[in-house]
Amino acid sequence: MKAYLYLSDGRVFSGESIGVVDETIGEVVFNTSMTGYQEILTDPSYAGQIIALTYPLIGNYGVNSRDEESCSIAAKGLIVKEMCSQPSNYRTEQNLHSYLVKHGITGIKHLDTRALTKHLRKSGTMMGIITTDPNIGELTARAGELKFPSGPELVQSVTCKQIHIVSGGEYPIVVIDYGAKDNIVRSLKALDCAVTVVPAGTTVEDILAQNPSGVVLSNGPGDPKDVEHTIPAIRALLNKNLPIMGICLGHQLLGIALGGRTYKLKFGHRGGNHPVKDLRNNRSYITSQNHGYAVEKESLDAQFIEITHINLHDNTVEGFRHRNKPVFSVQFHPEACPGPQDTEQLFLEFLDMVKEYRKQLPLQNEGGKPNASE
């Protein structure tokens, strides 16, 4: 069935419908990853967005339940050049089209994704509508009136609803879930961490009640300014000198909590092939990224904050650390999925901070766990 993508600037692209035959609206962004379409679709950071994959053939290895980064698809839609309907892989459980139908996702194939990507790079990301309705006049007018998704509802739509504990592990870590990927929890568990995941709006009192030896601020969707109501809890944790690691949205929120500012990028960084330089050792890494906002370098107080990583494409801030506290964050995804694992050692750096923090704790609670609230 014929389908169309109507962009808010009046540009129209045509193709064929995939997934559920319906209409969907979202911010149209592009991702340059060559693999990992299932992980991308189930990454909660894509809430409110229609994803255009630049790699021309998608779906050739199918989908399976083990590669999901959350239990549902957060993205609003999918755009591909060509989609394979007969995947070949020993792990395949179903093809991508049936997976989209299962999750109620509308998409479009046989669209010129190269032309679309070049247009978004030149004009910036914008709102769009995928539909089978050929009424160009009406739909372009509707698309032109669309506003970017904003407000705390984006994070609220993907955060967990209640505190839950992932069993096992020696080192108690709290993950504040702004839209956390499952691989953050898996990466921590692999390092013998006992992980407690808490909703984005959890108070500092409830976080400290878990007796954590460290806190991870997770990835998530949207503008960090829309969830500034979470900043007081982060600042309170900073005052406790707990080890803190920020990832993606968590990195941006940590920057704001430390007095910094954020801004929207023209077309963002999305894909598994972004070069980042570690200024501490003068080494460069290939990273997995997914964000549309960045921390303004000049807004961070150099007396207390050291910039540790920069993006080699545009010199944006990709990481920083506090000079006096066990606190650091990165804009990219050290847990990857999909993408390279060049920077997974950052979890080891965080764990070293956790171990040092535990050595310095003077008190133990009745269960033998360090008491972070003291």
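Above this text is the structure in question.
Bear in mind the structure is a predicted one, so any value in this text is a computation, not a measurement.

It is generally the case that most residues other than glycine have a negative phi and that most peptide bonds are trans. In the Ramachandran plot, Asn282 falls in the positive-phi region, its phi being about 60 degrees despite a non-glycine side chain. Its place among the elements puts Asn282 in the loop between strand 15 (262-278) and strand 16 (283-295).

Across the seven residues of strand 17 (residues 305-311), seven count as buried, placing the element largely inside the fold. Judged from the five bridges that link them, strand 17 and strand 18 (residues 317-322) form a sheet pairing that is antiparallel. Bridging from a neighbouring strand, His309 pairs with Gly319 of strand 18. Count of turn residues in the strand 17/strand 18 antiparallel hairpin: five residues, of which Asn315 carries a positive phi of about 65 degrees.

Burial along strand 19 (residues 327-330) is two-sided: Val327 and Ser329 and Phe328 and Val330, pointing in opposite directions, are all buried. Looking at chain direction, strand 14 (residues 244-247) and strand 19 are connected through four bridges and run parallel. Along strand 19, the bridge assignment pairs Ile244 with Val327. Note that strand 18 and strand 19 share three bridges and pair antiparallel. What sits directly across from Gly319, in strand 19, is Val330. Joining the antiparallel neighbours strand 18 and strand 19 is a turn of four residues.

Pairing is mixed across the open sheet formed by ten strands, whose spatial order is 10-12-11-13-14-19-18-17-15-16. This sheet does not close on itself; its edge strands, each paired only once, are strand 10 (164-166) and strand 16. With strand direction ignored, the average angle separating the axes of adjacent strands in the sheet is 25 degrees. In this fold helix 6 (residues 182-189) packs onto strand 10, strand 11 (171-177), strand 12 (193-199), strand 13 (214-217) and strand 14, with an angle of close to 155 degrees to the strand it touches most, strand 12.

Moving on, we come to helix 10 (residues 345-360). With 16 residues, helix 10 should reach 22 Å at 1.5 Å per residue; the first-to-last C-alpha distance of 23 Å fits that figure. Those residues of helix 10 that fall on the buried side of the exposure criterion are Leu346, Phe347, Phe350, Leu351, Val354 and Tyr357. Angular distribution of buried residues about the axis of helix 10 spans 145 degrees; they occupy a single face of the element. When the buried face of helix 10 is taken as reference, the exposed residues oriented beyond 90 degrees from it are Lys359 and Gln360. Summarising the contacts, the buried residues of helix 10 are in contact with strand 11, helix 6, strand 12, strand 13, strand 14 and strand 19.

Calculation rules
Residues numbered from 1 in each chain as written. Predicted model: local features only at pLDDT ≥ 70, side-chain atom pairs only at ≥ 80, totals over all residues. Heavy atoms only, no water. Helix = DSSP H or I, 4+ residues; strand = E, 2+ residues; numbered from the N terminus. Buried < 20%, exposed > 50% of the residue type's maximum accessible area, 1.4 Å probe, protein only. Pairing = 2+ DSSP bridges. Axes fitted to C-alpha atoms, helices over the stretch in contact; angles between N-to-C directions. Contact = heavy atoms within 4.5 Å. Expected span 1.5 Å × (residues − 1). Arc of directions from axis to C-beta.

Fair warning: the whole summary comes from geometry, so function is off the table for now.
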